[in-house]
Amino acid sequence: MLKFFRKHARGWFMIAVIAIIIIVFVLYFGSSRGGSHATAVAIVDKRMISEAEFHDEYEKLLDTARMTLKEKFTPEVLKKMDLKTKAYNNLLNKEIILAKAADLKIQISDEELRDSILSMPMFQTNGVFDEYKYQQLIRYNRMSPPDFENFLRADLTAKKIEQFVREGVKISDKEIYDLYVLQNRKINVNFVRIAGSDIKNKISPAESELEDYLKRNSNLFRVPEQLKIKYLFFGAESAQSNITEADIKNYYSSYKEKYVAKDGKPLPLAAVQGSIIKELKKSRGLQDAIAEAKKARDVIYQENNMEDYGKKNNLKIHYTDFFPINKLPAEFASAKNVTEELLDLRPKDISKVITADNGYYLLQLVEKKPSYLPKLETIKNEVQRRFMESETQSLAGKEANKILERVKAGDSLEKVAAEKGLKINETGFFQISNTIPKIGQSPDATEILLMLSAGKPYAEKPLVIDNAYFILKLKEASAPDEKGFEAQKAMYRKVFTSLKQEEAMQTWLEGNKAAMIKEKRVKIKKKVEDL
C-alpha cells in the first residue's frame, strides 16, 4: 500500500489535468478511420487502428491541452504529458474494451442510446433537446447521425465495462488515513551539499581526452542543420466574408450558452452581436484562406513559380535568413508540424499547406546547410570547459555516495561532514513536495522524502539538483492533524477511490491486452516510439 501512495503522491494535483485531457467532447469516437490501404498501427480482432487515427487522436489531445492550459502549455509540460503515448493507448484500449464487451455480450439498447443523446447539454436549448442544434453540430463535425450514434454506442459500451471494473474497488478508512498522513505531515531535514566546486582534485585533460570527449558528446557541440526559405501566408483576416442577419441569429441560437452575464442570465443578441460577427468572420476567413492556400499550392507545385504566382495574385512573398532547424523564426510559433515538414523538403520543394492559429503557410525551401561537428581546435575552450564540469560532477557524485555509505554504516553525519569540511544545513519544517526549502526543486524529491522515517532516516541515494548532490537525513516529523483529517476525510476518500479505480482499470486493460496478444487477437504493428 505504501508503494501505491508513493507512486501517486507526486501526481496529486495532476488529477484535474488528466481529467481535462480524458474528458474530450464525445465526438472523440469520430476519429478518422483508416482506409484499406492505410498503414496499420495495431489490429484488434481484425479491426485496424491506422496511423491516420493515431495522428488524429494525438492532434485532438494536443489541441485540448493547448486550449485548456493556454500560457502554461510549455514544451516541458508537453513532454511530461507524453500525449503521443496517451493517444496510442487511448485507441488501443478502446478497441480492447469493445472486444471484451463483445465477449461478455454487453450491449447498449436503443433506449439507452436515445436517453444519452437527449441528456447531452451540447444538444440542448434552455435545457431541452434541440433537434436543429443536434443536426447542425453533427454536420459541423463532418459526420452523419448514424455515424455519430454508432460511435456513441461504442462509447457507452466502453463505459459499462469501465463501471464494472471500477465498482469492484474498495477503500478502507486506514488506507485513507495513511494517505492523509503522507500528504499532510511536515518534516524537518538535515542535509549536506556536495558540488563540483567542493572537489579539490586538479584536472588537466590531455588533447586526446578532449578529442575523445568531443567524439562521445558530439550532440553537445554539433551545429544544427540550417535552412533558408520563402513563404506565402494566407490569413483569416484578409479574407472577405459577407455575414447576414440570419447567420448571426443561427450562431447565437446554437451557442447561446457561451453568452451569459455574471449572474448566469443569457445576454441579449444585441449585446453580443459584435463578438458573433468577429467569430463568424474568423471562421469563414479561415475557410477562405485554406481554399486559397490549397489552390496556390496546386499551381506552384505544378509550375514551380512562387514569385510569379505572388505577383499575379497580389500576394507578398516573405523571405527568411538562415535559421537552425531546432529554432524556427518567431512567425511560425503557432504553426503545426513545421519542423517535420521542413525536414522532408529539398531545395525548390514546396511544402504541404501548414496550419497556424490565424491562417495558413505555404513554404518553399531555398537553401539548406547540413549539420556539422566543428573541429576541436575551433572550439577547444568550450570543450575543455564542459570536460572539466563533467569530470568534477562525476567526482562529486562518487564522493556523495561514499559519504552516504559511511553514514548508513553507522558513522554520524556530523563526524563525516567535519572530516570533509562540509556544512550541515537544516530545511526547517515543510510539507512534502517536489520543492525542498534551501535546496531546490526536483521531480524525484517527493518520492525520496516519502521514504524517510525514524527507522531509516537517510535517503536511499543522493538527490541531484542543479548539478549538486544532496545527502538528506530526516531530523523530525510533525504529528498528523486529527481534526484536519476528519474535515477532509470525504475528499480524500473520493480522490483516493478515483486513483485506485484508475489503477484497477489500467491493470485490467494490461492483463487483457497481454492475454489477447498471446491469443493473437491483438497484433501490434508499430510501437509509439516509431510513430
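Residues numbered from 1 in each chain as written. Predicted model: local features only at pLDDT ≥ 70, side-chain atom pairs only at ≥ 80, totals over all residues. Heavy atoms only, no water.

Chemist: Can you explain the pattern of salt bridges? Please cite residues and give values.
Modeler: What the rule picks out here adds up to 35 salt bridges. Glu207 serves as the salt-bridge partner of Lys380, at 2.8 Å between the closest nitrogen and oxygen. One end of the pair, Lys380, is in helix H16 (residues 380-409); the other, Glu207, is in helix H10 (residues 207-216), with 173 residues separating them in the sequence. Classification of Lys380 by relative accessible area gives partly exposed; the value is 31%. Of the charged contacts in the structure, one is a salt bridge between Arg521 and Glu519, with a shortest N-O distance of 3.9 Å. What emerges from the salt-bridge pattern is a single network uniting Asp45, Lys100, Asp103, Glu519 and Arg521. (Salt bridge = Lys/Arg side-chain N within 4 Å of Asp/Glu carboxyl O. Helix = DSSP H or I, 4+ residues; strand = E, 2+ residues; numbered from the N terminus. Buried < 20%, exposed > 50% of the residue type's maximum accessible area, 1.4 Å probe, protein only.)

Chemist: Help me get a handle on the packing of helix H7 (residues 131-140) against helix H12 (residues 245-254), residues and values and all.
Modeler: Contact geometry of H7 with H12 gives a least axis separation of 10 Å together with a crossing angle of 100°. As far as their axial angle goes, H12 and H7 are roughly perpendicular. Residues Tyr132, Lys133 and Gln136 of H7 form the contact with H12, whose participating residues are Asn250, Ser253 and Ser254. Looking at the contact of H7 with H12 residue by residue, the class counts come to one nonpolar, four polar and one charged. (Axes fitted to C-alpha atoms, helices over the stretch in contact; angles between N-to-C directions. Parallel < 35°, antiparallel > 145°, perpendicular 65-115°, else oblique. Contact = heavy atoms within 4.5 Å. Nonpolar A, V, L, I, M, F, W, Y, C, P; charged D, E, K, R; others polar.)

Chemist: I'd like a description of the nonpolar core, backed by residues and values.
Modeler: Of all hydrophobic cores here, the largest spans 31 residues; its most connected members are Phe54, Leu83, Tyr88, Leu92, Ile97, Met505 and Trp508. Of all the secondary-structure elements, those providing two or more residues to this core are strand S1 (40-44), helix H3 (51-69), helix H5 (83-103), helix H8 (145-166) and helix H19 (482-518). Element by element, the count of residues in this core is highest for H5, at nine residues. Excluding residues that lie within four positions of it along the chain, Leu92 makes contacts with Ala42, Val44, Ile49, Lys513, Val522 and Ile524. Counting residues in each nonpolar core, the second largest holds 21 residues, with Ile187, Ala195, Phe430 and Ala459 among its members. (Core = buried A, V, L, I, M, F, W, Y, C linked by side-chain atoms within 4.5 Å.)

Chemist: Describe the packing of H5 against H19, naming the residues involved and giving the relevant values.
Modeler: Contact geometry for H5 and H19: axes closest at 10 Å, N-to-C directions at 75°. It follows that H5 is roughly perpendicular to H19 by the angle criterion. For the pair formed by H5 and H19, the contact residues are Leu92, Asn93, Ile96, Ile97, Ala99 and Lys100 on the first element and Met505, Gln506, Trp508, Leu509, Asn512, Lys513 and Met516 on the second. Grouping the amino acids of the contact of H5 with H19 by side-chain chemistry returns eight nonpolar, three polar and two charged.

Chemist: Describe in detail the pairing of strand S5 (residues 186-195), supporting the description with residues and values.
Modeler: Strand residues, when the strand is regular, have side chains that alternate between the two faces of the sheet. Counting buried residues along S5, eight of its ten residues qualify, which places the element largely inside the surrounding structure. As defined by bridge partners, S5 adjoins strand S16 (residues 468-477) across nine bridges and the pair is classed as antiparallel. Paired with Asn188 across the two strands is Glu476, which belongs to S16. (Pairing = 2+ DSSP bridges.)

Chemist: Give a description of H19 that names residues and reports values.
Modeler: With 37 residues, H19 should reach 54 Å at 1.5 Å per residue; the first-to-last C-alpha distance of 50 Å fits that figure. Its maximal kink placed at Gln488, H19 deviates by approximately 60°. Between a side-chain oxygen at the N-terminus of H19 and the backbone nitrogen of Lys483 the separation is 3.2 Å; the capping residue is Asp481. Following H19 by one or two positions, Lys520 has its phi on the positive side, about 65°. (Expected span 1.5 Å × (residues − 1). Bend = angle between axes of the 7 residues up to and from the residue. Polar contact = N/O pair within 3.5 Å; in protein donor to acceptor, adjacent residues only side chain to side chain.)

Chemist: Any chance you could break down the environment of Asn250 for me, citing the residues and the numbers?
Modeler: Secondary-structure assignment places Asn250 in helix H12. On the accessibility criterion, Asn250 (34% relative accessible area) is partly exposed. With 117 residues separating them in the primary sequence, Asn250 and Lys133 have C-alpha atoms 9.5 Å apart.

Chemist: Before we move on, can you summarise H3 with the specific residues and values?
Modeler: In this model, H3 (19 residues) spans 27 Å end to end at C-alpha, consistent with the 27 Å of a helix rising 1.5 Å per residue. Among the residues making up H3, those that are buried are Glu51, Glu53, Phe54, Glu57, Tyr58, Leu61, Leu62, Thr64, Ala65 and Leu69. Buried residues of H3, seen end-on, are gathered within an arc of 165° and therefore sit on one face of the element. Immediately beyond the C-terminal end of H3, within one or two residues, lies Lys70, with a positive phi of roughly 50°. (Arc of directions from axis to C-beta.)

Chemist: Could you give an account of the sheet that holds S1, with specific residues and numbers?
Modeler: An order of S2-S1-S17 is seen for the three strands of this open sheet, with the pairing classed as antiparallel. Looking at the sheet topology across the chains shown, the edges are occupied by strand S2 (47-50) and strand S17 (522-524). Looking at each pair of strands side by side, their axes are set apart by 20° on average, direction ignored. Against the sheet, H5 engages S1, S2 and S17, with an angle of about 15° to S1.

Chemist: So what's going on with the environment of Glu207? Which residues, and what values?
Modeler: Glu207 sits in the partly exposed class, given a relative accessible area of 43%. In this structure the C-alpha to C-alpha distance between Glu207 and Leu376, which are 169 residues apart in sequence, comes to 9.2 Å. Setting aside residues up to four positions removed in sequence, Glu207 forms contacts with Leu376 and Lys380.

Chemist: Tell me what's going on with the pairing of S1, and back it up with residues and numbers.
Modeler: A large share of S1 lies buried, amounting to four of its five residues. Sheet topology note: the S1/S2 ladder contains four bridges and is antiparallel. Looking at the pairing, Ile43 lines up with Met48 of S2. Remark: two residues form the turn of the hairpin made by S1 and S2, two consecutive strands paired antiparallel; Asp45 in that turn has positive phi of roughly 50°. Where S1 meets S17, three bridges bridge the pair, whose relative direction is antiparallel. Across the sheet, residue Val44 finds its bridge partner in S17, namely Val522.

Chemist: Now, about the confidence of the model for the protein: what can you tell me, with residues and values included?
Modeler: In low-pLDDT segments, the atomic positions of the prediction should not be examined closely. For the protein, per-residue confidence averages 86 on the pLDDT scale, and 92% of positions sit at 70 or higher. Considering only residues more than four positions removed or in separate chains, one finds that residues 9-37, a stretch of pLDDT under 50, has 64 contacts. (pLDDT = per-residue confidence, 0-100.)

Chemist: Residue-level account of the packing of aromatic side chains, with values.
Modeler: The final tally for this structure, using the stated rule, is 16 aromatic pairs. Centre to centre, the rings of Phe332 and Tyr361 are 4.9 Å apart; their planes meet at 65°, and the pair counts as edge-to-face. Of the two residues, Phe332 sits in the loop between strand S8 (323-324) and helix H15 (338-343) while Tyr361 sits in strand S10 (residues 359-369), which places them 29 residues apart along the sequence. Geometry around Phe322 places Lys369 over its ring, the cationic atom sitting 4.3 Å from the centre. (Phe/Tyr/Trp six-rings, centres within 6.5 Å; stacked < 30°, edge-to-face > 60°. Lys NZ or Arg CZ within 6 Å of the ring centre and 35° of its normal.)

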